[in-house]
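Single-letter residue listing:
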Amino acid sequence: MQTNTAENPNDFFKSKVLGHPSGLFVLFFTEMWERFSYYGMRALLVLFFSASVLDSGWGWPKEHALAIFGTYTALVYLSTMLGGYFADKVIGIRWAVVVGALLMTLGHACMALETSFFIYAGLVFLVFGSGFFKPNMTSIVSEMYKDFPEKKDGAYTIFYMGVNAGAFFGIMLCGYLGEKIGWSWGFGVAGIFMLFGLLQFWFAQNIFGNIGLKPVKATAEEKAAAASTEQEGGKLNPFTGFHMALIVLCVGLGLAWILNDPVNKISEGTTNLFSFSLFGVDGSNFIILTALILFLILLVSRISRYDKVLKDRMIAIVFFAIITMIFWSIFEQAPGSLTLFAKDYTQRILEGTSGTIFKIVNSLITIGPLAIITWVLFKLFGQTFNKYKLSNLILGFSFLIIWGIAIWMVTNEYKSTSYNVQYKNLSGIVNNDKVVSSESYKDNQEIAILDIERTSFYKADEKTTVENNALVDKNKNYLGDVFNGKISNIVDREKPGAFGTVVSYAEIEFTNAAGQTLKREIKLAKGEKESLKVGDTKEILINHNIKYDADQTSPIKATITSKIAATEVNASWFNILNSLFIITLAPLFSKWWSSKRNPSANNKYAIGMLFLAIGMAFVAFGAASIPAGAKSASVSMIWLVFVYLFHTMAELCVSPVALSYVSKLVPGRMIAIMFGVWYLAVAIGNKLAGIFGEVSESVAGEKGYSYFFWTLTGVSLAASLLAFALGPIVKKLMHGVK
């Protein structure tokens, strides 16, 4: 290894890129690859869990996928407290980053294998990896600029661009590979670039001088100075044994509930840590309510012991934390319910001029930012290549791969064509539909398609009728084929990823229009197996869900009648809009915050929640035409574009100012504790996001998706009005902090 090149802070500025230390851009690219891997995997997670077995997914109900997603994202934020502690007290910031990156690399590698064991092992590695990595990268930036506070805002702006560039390319490229090629490709590529980020950081780490090395024991003089500093901000309030007991109970009960929640749901009640009832309250609800009550007792007990000024400021922080919790519970619908809405209810096939325009725009927003970041990369090479050759070569090689994937993706999309096809469905009825493919076909050519993705026993209701063996709704829209099938076998099989839970299936034999005998499996509800036996004849429903898939058994032959240039937008693609809008709008909001019209902290929260409400109102209005219980629809994608536009503006109002005000409102000795409370609020918000997503399915079935989105709009608007109304009170509680 090279010797340290930066023994004092001024040395950082001897090697500069765009006016900032070269070390900042080493962090930029390390953080970029970490965000690439995290957001790339996150964009696919719910889609993978809920995708049908025919699409190589696990075929889970959306509620189960959202339950485990909410737990995963909540644990990611909670683990930052563990990672921060080990970095500060045990291994140092630099080793914490390395350990975090290594764990995340292992996590993505495990997920690429797609088996139950490795998917869960991968999620565990990713949770702890994020915990070690996430809080410590910004600590290095802070240390680099501690003697140059006037340059810190610019440094964080550049660093934040790295965060969003990574999220942007991760969602775009991993999402495309996962949805179009295979889930393993999306998960695997995320891991490869996390490994690149780890290696380029490791071989360039000496550029940071002594920053982030393993902590050493404080000298007597340093302890005395620290004790003197701790007296600032009012009298000390040490944790009592009672307080420590409350903390242990809260943490234990909370973690048990967070882990048990998805396990109970995915295993369909067969694995439940809290299968009891107390005072008429379900065991699971009793546990989480107990944890919340104990936490409130702890909070009140702690706050009441401080002097008036500090007590008031901590109450202000608690208020901000509650608004933050509500904010994330709604904002984080993006990778959950909004992505599923994009998949099933949005018109993502763009034909003709609109398809061509999208291809051009998508190409520009892929190649343009990549070219700019590559230019920055060459600037960094000019400053650091001689001293850190291996790190630079690894970084350069990773960009060659990114360019290769990006060019392949763009080229492949230009080949994408929409083919109008005509075929006989399983009841012999002639249908016309569309298949989107990047393969080239001619008019009148026969191809294989599949329209039997969802199969279930048919149960009539007042909303549907059967005409000519086809199920139609009140508006005569074709919903699927209904005909008799014979049960040839009843089997028990382990549900994918469901902790050993056994699910019963009935194997149905039926004959299609071509005279072929086909077999399909139908999942049975609890208790249904006992009422069925081999040889029973049942009416079954095969939903109309066409797709091109020549590799499936017994495909239906369709004749191409015409074709037109088109593209099918990935369901995960919409998530890139957040990063794109942040990069575009962040400078405008930064100017707003530095102008005479800079809102107060409380009003920034209020404005952010208002933007959040407006965004949800757009998709609520767009979903108004979807009837309750509909399994699919073709809502214009413009509504989702508006959602992400306004939600990004909301994020710019809330997220960047949050931790800043925590650090301003409490003395230095309390910052770590209050950051812990803050991350707890974010973790709860993420878990609530998963719970809201779960509820969306039942609400959509009974009252429609529009009702669900209007409900979230109302919650956001109520929080905004509350923040505006309490503005004068919160301002008074802050005692002059701006």
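If you're wondering where the values come from, they're calculated on a predicted model, not measured in any experiment.

**Q** Explanation requested: the overall build of the chain in the structure shown.
**A** Counting its secondary structure elements, the chain contains 19 helices and 17 strands. Burial analysis of the chain (738 residues in total) assigns 53% to the buried set. Residue pairs at least 24 apart in sequence account for 78% of intrachain contacts in the chain once pairs closer than 6 positions are excluded. Accessible area for the chain stands at about 32,200 Å²; split by element, carbon and sulfur atoms hold 63% of it.

**Q** Quick question: what am I supposed to make of the confidence of the model for the chain here?
**A** Should pLDDT be low for a region, the predicted coordinates there are not to be read in detail. When pLDDT is averaged across the chain, the result is 84; 89% of the residues are at 70 or more. Summarising per-element confidence for the chain, the mean pLDDT is lowest in helix 7 (residues 220–230) (55) and highest in helix 18 (residues 705–725) (95).

**Q** What is the right way to look at empty space enclosed by the protein in this model?
**A** Any space left empty among the atoms is revealed by the rolling of a water-sized probe across them. The full count for this structure, using the stated rule, is four cavities of 30 Å³ or more. Of the pockets and cavities examined, the largest cavity occupies roughly 80 Å³. Taken together, Met172, Tyr176, Lys180, Phe358, Asn362, Met409, Glu413, Thr567, Glu568, Val569, Asn570 and Trp573 make up the full set of residues lining the largest cavity. Looking at the lining of the largest cavity, the elements that each hand over two or more residues are helix 5 (152–181), helix 12 (352–384), helix 13 (389–415) and strand 17 (556–568). Sort the elements by how many residues they give to the lining of the largest cavity and helix 5 lands first, with three residues. Looking at the lining of the largest cavity residue by residue, the classes come out as six nonpolar, three polar and three charged. Its boundaries defined by the atoms lining it, the second largest cavity holds a volume of some 60 Å³. Lining the second largest cavity, in full, are Val26, Gln200, Ala204, Ile207, Leu380, Thr384, Tyr388, Ser391, Asn392 and Leu395. Broken down by secondary-structure element, the contributors of at least two residues to the lining of the second largest cavity are helix 12 and helix 13.

**Q** Sorry if this is basic, but what is going on with the pattern of salt bridges here?
**A** Working definition: two side chains of opposite charge can pair if their charged atoms are close together. Under the counting rule described, the total for this entry stands at 14 salt bridges. The residue Lys180 makes a salt bridge to Glu413 at a minimum N-O spacing of 3.2 Å. Linking Lys180 in helix 5 with Glu413 in helix 13, this pair joins segments that are 233 residues apart in sequence. Residue Glu413 is classed as buried on the basis of its relative accessible area, which comes to 9%. Among the ionic pairs, Asp261 bridges to Lys265, the shortest N-O distance being 2.9 Å. Remark: Lys265 and Asp261 occur in helix 8 (residues 241–266); sequence separation between them is four residues, near one turn of the helix. Each member of the salt-bridge network shares a partner with another, and the members are Asp261, Lys265, Lys687 and Glu694.

**Q** What exactly am I supposed to notice about the side chain of Thr80 here?
**A** The residue Thr80 is located in helix 2 (residues 62–91) in this model. Judged by its relative accessible area of 4%, Thr80 is buried. Setting aside residues up to four positions removed in sequence, Thr80 forms contacts with Ser130, Gly131, Lys134, Pro135 and Tyr679.

**Q** Would you mind going over the packing of aromatic side chains with me for this structure?
**A** Both the distance between ring centres and the angle between the ring planes are used here to describe each pair of aromatic rings. Enumeration over the complete set of coordinates arrives at 50 aromatic pairs. Linked through ring pairs, Phe25, Phe28, Phe29, Trp33, Phe36, Phe193, Phe196, Phe397 and Phe399 together constitute an aromatic cluster. The ring of Tyr505 is capped by Arg493, whose NZ or CZ atom sits 5.3 Å from the centre of that ring.

**Q** Would you mind showing me how to read helix 1 (residues 22–50) here?
**A** Since there are 3.6 residues in each turn of an α-helix, residues three or four apart along the chain are aligned in direction. Over its 29 residues, helix 1 extends 44 Å from the first C-alpha to the last, a length consistent with the 42 Å expected when each residue adds 1.5 Å. A maximum bend of about 30° is found in helix 1 at Leu44. Where burial is concerned, most of helix 1 is hidden: 28 out of the 29 residues are buried.

**Q** Would you take a moment to explain the pairing of strand 17 for this structure?
**A** A regular strand carries its side chains on alternate faces of the sheet. As judged from the three bridges shared by strand 5 (residues 349–351) and strand 17, these two strands associate in the antiparallel manner. Bridge pairing in strand 17 links Ile349 to Glu568. Pairing between strand 6 (residues 417–424) and strand 17: six bridges, direction antiparallel. Looking across to strand 17, one finds that Asn420 is bridged to Ser562.

**Q** Hey, could you run me through the side chain of Arg35 in this one?
**A** You can see Arg35 is positioned in helix 1. When neighbours within four sequence positions are excluded, Arg35 is seen to be in contact with Gly40, Lys134, Val163, Gly166 and Ala167.

**Q** What exactly am I supposed to notice about the environment of Tyr419 here?
**A** Residue placement: Tyr419 occurs in strand 6. Residue classification places Tyr419 among the buried positions, given a relative accessible area of 2%. Put simply, Tyr419 and Ser437 are 18 residues apart on the chain and 7.8 Å apart in space, counted from C-alpha to C-alpha. Leave out the neighbours within four places in its chain, and Tyr419 touches Asp433, Lys434, Val435, Ser437, Glu439, Ser440, Tyr441, Ile560, Ser562 and Lys563. Of the polar contacts made by the side chain of Tyr419, one reaches the backbone oxygen of Glu439; its length is 2.8 Å. Polar side-chain contacts of Tyr419 include one of 3.0 Å to the backbone nitrogen of Tyr441.

**Q** Help me understand the packing of helix 1 against helix 2, please; the structure alone is not making it clear to me.
**A** If you want to describe how two helices pack, look at the angle between their axes and the distance between the axes. Their axes nearest at 7 Å, the elements helix 1 and helix 2 cross at an angle of 155°. The angle between helix 1 and helix 2 places the two elements in the roughly antiparallel class. In this structure, helix 1 meets helix 2 at a crossing whose hand is right-handed. Here Tyr38, Met41, Arg42, Leu45, Val46, Phe49 and Ser50 of helix 1 come into contact with helix 2, specifically with Lys62, Ala65, Leu66, Ile68, Phe69, Tyr72, Thr73 and Val76. Here the contact of helix 1 with helix 2 is composed, by residue class, of eleven nonpolar, two polar and two charged.

Thresholds, definitions, all that
- Residues numbered from 1 in each chain as written.
- Predicted model: local features only at pLDDT ≥ 70, side-chain atom pairs only at ≥ 80, totals over all residues.
- Heavy atoms only, no water.
- Helix = DSSP H or I, 4+ residues; strand = E, 2+ residues; numbered from the N terminus.
- Buried < 20%, exposed > 50% of the residue type's maximum accessible area, 1.4 Å probe, protein only.
- Contact = heavy atoms within 4.5 Å.
- Areas by Shrake-Rupley, 256 points an atom, 1.4 Å probe, with all protein chains shown as cover.
- pLDDT = per-residue confidence, 0-100.
- 1 Å grid on protein atoms, 1.4 Å probe; cavity = no way out; pocket = protein on both sides within 12 Å on 5 of 7 lines; lining within 4 Å.
- Points joined across faces, edges and corners; volume = space filled by probe spheres on them.
- Nonpolar A, V, L, I, M, F, W, Y, C, P; charged D, E, K, R; others polar.
- Salt bridge = Lys/Arg side-chain N within 4 Å of Asp/Glu carboxyl O.
- Phe/Tyr/Trp six-rings, centres within 6.5 Å; stacked < 30°, edge-to-face > 60°.
- Lys NZ or Arg CZ within 6 Å of the ring centre and 35° of its normal.
- Expected span 1.5 Å × (residues − 1).
- Bend = angle between axes of the 7 residues up to and from the residue.
- Pairing = 2+ DSSP bridges.
- Polar contact = N/O pair within 3.5 Å; in protein donor to acceptor, adjacent residues only side chain to side chain.
- Axes fitted to C-alpha atoms, helices over the stretch in contact; angles between N-to-C directions.
- Parallel < 35°, antiparallel > 145°, perpendicular 65-115°, else oblique.
- Left-handed = near helix turned anticlockwise from the far one by under 90°.

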